[in-house]
Every structure is written in structure tokens, then in C-alpha cells.
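Letter by letter, the chains look like this.
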Amino acid sequence: MSERHALVTGGAGGIGNHLVGLLLEKGWHVRVVDNFSSGTRANLARFSGRKEFEFRELDVLDLDGLKGAMEGIDFVWHLAANPDIRKGIIETDLDLRQGPVATRNVLEAMRVRGTKGIAFSSSSTVYGFPRTFPTPEDYGPLLPESVYGGSKLACEGLISSFAHTYGMQGWIFRFANIIGPGATHGVIYDFIMKLKKDPTRLEVLGDGRQRKGYQWVTDCVGAMVHCTETANERVNVFNLAPEDTISVAEIARQVVDAWGGTARIEFTGGERGWAGDVPQQNLAIDRLRSTGFQSRYNSQEAVRKTIEVLRQELA
Ligand SMILES: NC(=O)c1ccc[n+]([C@@H]2O[C@H](COP(=O)([O-])OP(=O)(O)OC[C@H]3O[C@@H](n4cnc5c(N)ncnc54)[C@H](O)[C@@H]3O)[C@@H](O)[C@H]2O)c1
């Protein structure tokens, strides 16, 4: 079989490094570009020295650098972005630059180099607060409530338009919450950091009744790779989520219990944790199931395992 070369943007991140590991396992040559704005060198340490692995420190906003990194690439996994919804509330141009501007750069570098396939890490936030649960991929109109969600939706549009205009193919993955080892953000990470600072109390943003799906990271990357191997439309859109959901209050309870059980849980109140947060996220996964993919862990199990590993990693 001839060599296949993948480019992973954001490969040093919490999700990206697991994707890199899986692609290498599957025989791909993998080039990672990352600027370490939220990812870490430690996440890539286990690949160093492997001849099928290459790393370039690069900001995807550098279009010329990206055109260079795209040379010889057959398929792109575009994960680099600002991962933190709340940051986009303060810096209103952050998600614009790290979203559509960065994604246009990736697509433009692909166009110039003749690369035809792209997989993209989108988000359930493109649905805003939908009226239909579980929410299917063809739900509309798509009216995101966060700037981050608006940025992801714009990226989806760019991928679809480049695919149709320049004969490319796109796989768009709308993630639930992805959790597991190597995370540098997210609700469990935040709770553990808060308890490290003050073990007597845990502040929870909102009323704790926000309910969402939490997917174990290797289930997420396994599903992404599986869908690119089994779905073959011009543009393929998939929700990636486990079957069940869990409330923020339940997660807070589990983190506090793992921390000795004594901290007082204090809710700031209101059905949303912050502007742009949605009280409920429950994604329909019939399309994912129809490809034959089966997640290994549900939300309950993924949360329990993540608390265990992050407790050790952040000790
Ligand atoms: N974790 C989740 O729950 C979740 C949910 C929905 C969507 N996503 C999306 O999945 C992707 C990966 O998220 P993650 O949780 O692994 O976050 P992460 O912060 O761990 O990974 C993002 C990576 O991209 C890199 N990066 C950011 N901007 C860059 C730039 N301009 N140039 C080069 N590298 C850059 C960061 O250094 C980091 O390594 C992101 O696009 C995120 O929006 C994540």
C-alpha cells in the first residue's frame, strides 16, 4: 500500500494527540502543526523519534507557513481553534480569527496544494438551544447562541463551499463535550482546579441542572476516523456523542466525592452557566450508529474515568 500522509492542526491538544496516536496506529504518516496556545509538548512526547511523525511549530493564521506544511498531504484533520467558549465572550474577535479565518487558511492551503479531504472538529453549539431533543444533524434553522458556536457554523459553511467549488470532500463532526486525559480545559478540569485552590468550597456556574453528553476522547477520535472510512458524500455531517447525558450538579458531586467529600457545593444560579451556555445538549446519534460505530463508554463512565485521570495529572 502506498504511504498516506495526514496533517493534524492542533495535534498537541487534548483531542488532537489521541487522534495522532490512532492515525499512526493505522499506518498514516502524520505531520502536526500547533502553536501551543493551549496544547502542550508533553502531549506529543510519546511520538518523538518515530519516523512516521513530524512536528512543525506553526500558527494556522500564517498562510504561507501552512502552504508549506500542506506539501505532500493527502488528508487534513483541522482541530486547531480556541477551545474555550467563555474566552470568546471577552475577546470578540478571537473566535473569528481562530475559526473562519484559520479555516479559510487551511482550505486555501489545501486548494493550492491539491489536497482533497478535510475532517473538522465542529461543535453541538452550532444548534444553539434547539427545540428538538435528541437533536439530529438536519435540525434547523441553526442559530448558535455563543460567538464560539457562530464561528464553528461559519467554518462548516466554508468547508462545504470549498468542497463544492474545488472538488474537495469534507467530514464535519459536531462534538458533545469531549473529556479524558491531557485536557487543559472543560468542566471537570475547572472543578479540580477550583478545589485545588480552595478545598472547602466548589463554585458551580448556573443552577447545576445543565445536562449534556460527555464523550471519552478515544471514543471521539475512533468515531471520527471510522466515519471518514465509511461515509462518502461530498460533505458528511455527524453528531458525535454518547447515548446518555449527565447534569453539571452530578459531575460536581462526583468531583467533590473524589476530593474527600467535604467541600460545599455553591451554585451561582440561573439556568445558564454563562452567556451563550445552553441548559441542555442531547445529540441524536442515529447517523453515527448507522455506520456501525459503537462508543465504548457512556457519559457516566467517561466522567468517572476523567475525574480519576485528571486528579492524578493535575496533582
Ligand atoms: N473538548 C471539547 O469538548 C470540544 C467540543 C466541541 C468542539 N471541540 C473542538 O475540538 C478541537 C480540539 O479541542 P480540544 O478540546 O482538543 O482543545 P485543545 O485546546 O486541547 O486543542 C486545540 C489545539 O489547537 C492548538 N491551536 C489553537 N490555535 C492555534 C493556531 N492558531 N495555530 C496552531 N495551533 C493552534 C492549541 O495549541 C491546541 O493544541 C477544537 O477545534 C475545539 O473547538 C472541542
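Remember, it's a predicted structure, so these values are computed and weren't measured experimentally.

Topic: the domain arrangement of the chain
Part 1 of the argument: When cut into domains, the chain gives domain 1 (5–178 + 214–240) and domain 2 (184–213 + 244–281 + 297–313).
Part 2 of the argument: Centre-to-centre separation of domain 1 and domain 2, based on C-alpha positions: 26 Å.
Part 3 of the argument: Counting residues at the interface gives 20 residues for domain 1, matched by 18 residues for domain 2.
Part 4 of the argument: A total of 3 residues in the side of domain 1 that touches domain 2 trace back to one element, the largest contributor, which is strand E10 (residues 214–216).

Some thoughts on the pairing of strand E1 (residues 5–9)
Within a regular strand, the side chains alternate between the two sheet faces.
Part 1 of the argument: Counting buried residues in E1 gives 4 out of 5 residues, a clear majority hidden from the surface.
Part 2 of the argument: Judged from the 5 bridges that link them, E1 and strand E2 (residues 29–34) form a sheet pairing that is parallel. Bridge pairing links Thr9 to Val33 in E2.
Part 3 of the argument: For the segment spanning E1, helix H1 (residues 16–25) and E2, crossover handedness is right-handed.

Considerations on helix H10 (residues 299–313)
Part 1 of the argument: With 15 residues, H10 extends 20 Å from end C-alpha to end C-alpha; this agrees with the ideal 21 Å at 1.5 Å per step.
Part 2 of the argument: For H10, every residue scored as buried is listed here: Ser299, Ala302, Val303, Thr306 and Leu310. Projection of H10 onto a plane perpendicular to its axis shows the buried side chains occupying an angular sector of 95°, all on one side. Away from its buried face, by an angle of more than 90 degrees, H10 presents the exposed residues Glu308 and Gln312.
Part 3 of the argument: Against strand E7 (177–179), helix H6 (187–197), E10, strand E12 (246–247) and helix H8 (248–258) lie the buried residues of H10.

Structural notes on the packing of H6 against H8
Part 1 of the argument: In the contact formed by H6 and H8, the axes pass within 10 Å of each other and the chain directions differ by 45°. On the basis of the axis angle, H6 is oblique to H8. Of the two elements, H6 crosses H8, and the hand of that crossing is right-handed. Residue-level inspection shows Val187, Ile188, Phe191, Ile192 and Leu195 of H6 in contact with H8, the latter providing Val248, Ile251, Ala252 and Val255.
Part 2 of the argument: A class-by-class count of the residues in the contact of H6 with H8 yields 9 nonpolar, no polar and no charged.

Thoughts on the sheet that holds strand E11 (residues 235–240)
Part 1 of the argument: Across the sheet, 7 strands lie side by side as E3-E2-E1-E4-E5-E6-E11; this open sheet has parallel pairing. Among the strands making up the open sheet, the edge pair consists of strand E3 (53–57) and E11. The average angle at which neighbouring strand axes cross in this sheet is 15°, direction not considered.
Part 2 of the argument: As defined by bridge partners, E1 adjoins strand E4 (residues 75–78) across 4 bridges and the pair is classed as parallel. Within E4, the position partnered with Thr9 by the bridge is His78.

Points about the site of the ligand
Part 1 of the argument: Among the 30 residues in the neighbourhood of the ligand, the closest are listed as Gly10, Gly13, Ser38, Gly39 and Ala81.
Part 2 of the argument: Along the lines of polarity and charge, the residues of the shell around the ligand split into 13 nonpolar, 15 polar and 2 charged.

Some remarks on helix H5 (residues 147–166)
Within an α-helix, residues lying three or four positions from one another point in the same direction, as the helix has 3.6 residues per turn.
Part 1 of the argument: Between the first and last C-alpha of H5 there are 28 Å, a value that for 20 residues agrees with the 28 Å anticipated at 1.5 Å per step.
Part 2 of the argument: In this structure, the buried side of H5 is in contact with helix H3 (87–90), helix H4 (94–113), strand E5 (117–123), strand E6 (169–175) and E11.
Part 3 of the argument: Directly after H5, the chain includes Gly167, whose backbone phi takes a positive value near 65°.

Things to note about unusual backbone geometry
Part 1 of the argument: In this model, Phe133 is joined to Pro134 through a cis peptide bond whose omega is -15°.
Part 2 of the argument: Between Gly140 and the following residue, Pro141, the backbone shows a cis peptide bond with an omega angle of -5°.
Part 3 of the argument: With respect to the helices and strands, Pro141 occurs in the loop between E5 and H5.

Examining the packing of H8 against H10
Part 1 of the argument: As a packed pair, H8 and H10 sit with axes 10 Å apart at the nearest point and diverge in direction by 40°. Between H8 and H10, the interaxial angle falls into the category oblique. In the packing of H8 onto H10, the handedness of the crossing is right-handed. Residues Ile251, Gln254, Val255 and Ala258 of H8 form the contact with H10, whose own contacting residues are Val303, Arg304, Ile307 and Arg311.
Part 2 of the argument: Here the contact of H8 with H10 is composed, by residue class, of 5 nonpolar, 1 polar and 2 charged.

Scoring rules and cut-offs
Residues numbered from 1 in each chain as written. Predicted model: local features only at pLDDT ≥ 70, side-chain atom pairs only at ≥ 80, totals over all residues. Domains from an automatic or database assignment. Contact = placed C-beta atoms within 7 Å. Helix = DSSP H or I, 4+ residues; strand = E, 2+ residues; numbered from the N terminus. Buried ≥ 20, exposed ≤ 12 C-beta atoms within 10 Å, placed from the backbone. Pairing = 2+ DSSP bridges. Right-handed = clockwise from strand over helix to strand, strands pointing away. Expected span 1.5 Å × (residues − 1). Arc of directions from axis to C-beta. Axes fitted to C-alpha atoms, helices over the stretch in contact; angles between N-to-C directions. Parallel < 35°, antiparallel > 145°, perpendicular 65-115°, else oblique. Left-handed = near helix turned anticlockwise from the far one by under 90°. Nonpolar A, V, L, I, M, F, W, Y, C, P; charged D, E, K, R; others polar. Near = placed C-beta within 6 Å.

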